[in-house]
Amino acid sequence: MISRRKLLIALGAGALGSSLTTVAWAQKIHRVGILFAAAKTTPRLQAFFQELRRLGYIEGQNVAIVGRFAEGKLELLPEFATELAAEKVDVIFASSTNAVQAARQATASIPIVFSVVSDPVGSGFVTSLGRPGGNITGISSINRELAAKRLQILKEMFPKTSRVAVLITDEPQVAPQLEQVQQAAKLLGMDILTTQVLGRDDFERGHKLLRSWRADSIFVVDSAGNSINRKLIAEFAAQIRLPAIYAESDYAGAGGLISYGANFDELFRRAAQYVDKILKGAKPAELPVEQPTKFELVINMKTAKALGITIPQSILVRADKVIE
């Protein structure tokens, strides 16, 4: 028979063990790795951090952010991914196709969450959208599927346009989008020419090429490189005085004429929610890849006026945002 004294000691020890377990859990510091192609101050990345805070993650209290920011130097991503894997973080947030590709090569065990991958199945990151099947999951921007829609909007805005200069970069997510643009161009009776504007040094060459080819509009393919250079590309389009369509609203905010695509800030917020789920025990293999269902049409009227362009009323009434 257990005496009253022994019973009290046993109960006290159990309570103490439970208390220590609770304290240990409460004080656990989750390590979140960030592998990002641009700078830490990029607004959409701030949306990710803000959502983490809303979910209760406070840096220095229950989460440690281990960041690697390439600031446009995409060649650094593989090295940075290897460093994050060595840091033994609990999860890696690698937003774009380039970053996920680098993270995937660095680890097959650490969960990886993405936010703006255009084609996660085609890129080989997941087996299917419904059941990713590995250590990678997240939110798709579906920019491959939207490429044709953007070309249709460009044609609706400028019915006479027939020679479209497509600005590309040497990144894996570009080819699937370009394929969609080429197919849509055939149906719309358009010819396309691909070129790159990676720096100000490309302006003169680009001007000569587009003028000699008689381009009458520009289509900017979604990629990390183009997004990082969005102000430069908007400036290029303004100098050559051609209308251009882009994949995300940041371009329009940087002086681009029109953009159509998912709200990237929202995609980054959703990615933060995926990180939260994984930190709480969810397995990436069983977290379905999400796709956006709402898309934004943004028009920069200041740019339209500078180019002497009248935006059709049929486009204006559909705009989610007009920048004056």
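The structure displayed is predicted, hence computed values, not measured ones. (Residues numbered from 1 in each chain as written. Predicted model: local features only at pLDDT ≥ 70, side-chain atom pairs only at ≥ 80, totals over all residues. Heavy atoms only, no water.)

**Brief notes about the nonpolar core**
Leu151, Phe219, Ile258 and Ile311 are the most contacted members of the largest nonpolar core, which totals 33 residues. Breaking this core down by element, the ones donating at least two residues are helix H5 (143-157), strand S6 (163-167), helix H6 (174-188), strand S10 (258-262), strand S11 (295-300) and helix H12 (301-307). In this view, Phe219 contacts Ala147, Arg150, Leu151, Val164, Ala165, Val166, Leu167, Val181 and Ile245; residues no more than four positions away in its chain are not counted. Listed in part, the 28 residues of the second largest apolar core include Leu45, Phe48, Phe49 and Ala271. (Core = buried A, V, L, I, M, F, W, Y, C linked by side-chain atoms within 4.5 Å. Buried < 20%, exposed > 50% of the residue type's maximum accessible area, 1.4 Å probe, protein only. Helix = DSSP H or I, 4+ residues; strand = E, 2+ residues; numbered from the N terminus. Contact = heavy atoms within 4.5 Å.)

**Details of unusual backbone geometry**
Phi at Lys88 is positive, roughly 55 degrees, even though this residue is not glycine. Inspection of the secondary structure assignment puts Lys88 in the loop between helix H3 (77-86) and strand S3 (91-94). For Lys88, a relative accessible area of 68% corresponds to the exposed category. Phi is positive for Ile142, close to 45 degrees, though the residue is something other than glycine. Secondary-structure assignment places Ile142 in the loop between strand S5 (136-140) and H5. By relative accessible area, Ile142 is classed as buried at 10%.

**Comments concerning the pairing of strand S2 (residues 63-69)**
Counting buried residues along S2, five of its seven residues qualify, which places the element largely inside the surrounding structure. Where strand S1 (residues 30-36) and S2 come together, seven bridges link them in parallel fashion. Each bridged residue has a counterpart across the sheet, and for Arg31 the counterpart in S2 is Ala64. Read as a crossover between parallel neighbours, the route from S1 over helix H2 (residues 43-54) to S2 is right-handed. (Pairing = 2+ DSSP bridges. Right-handed = clockwise from strand over helix to strand, strands pointing away.)

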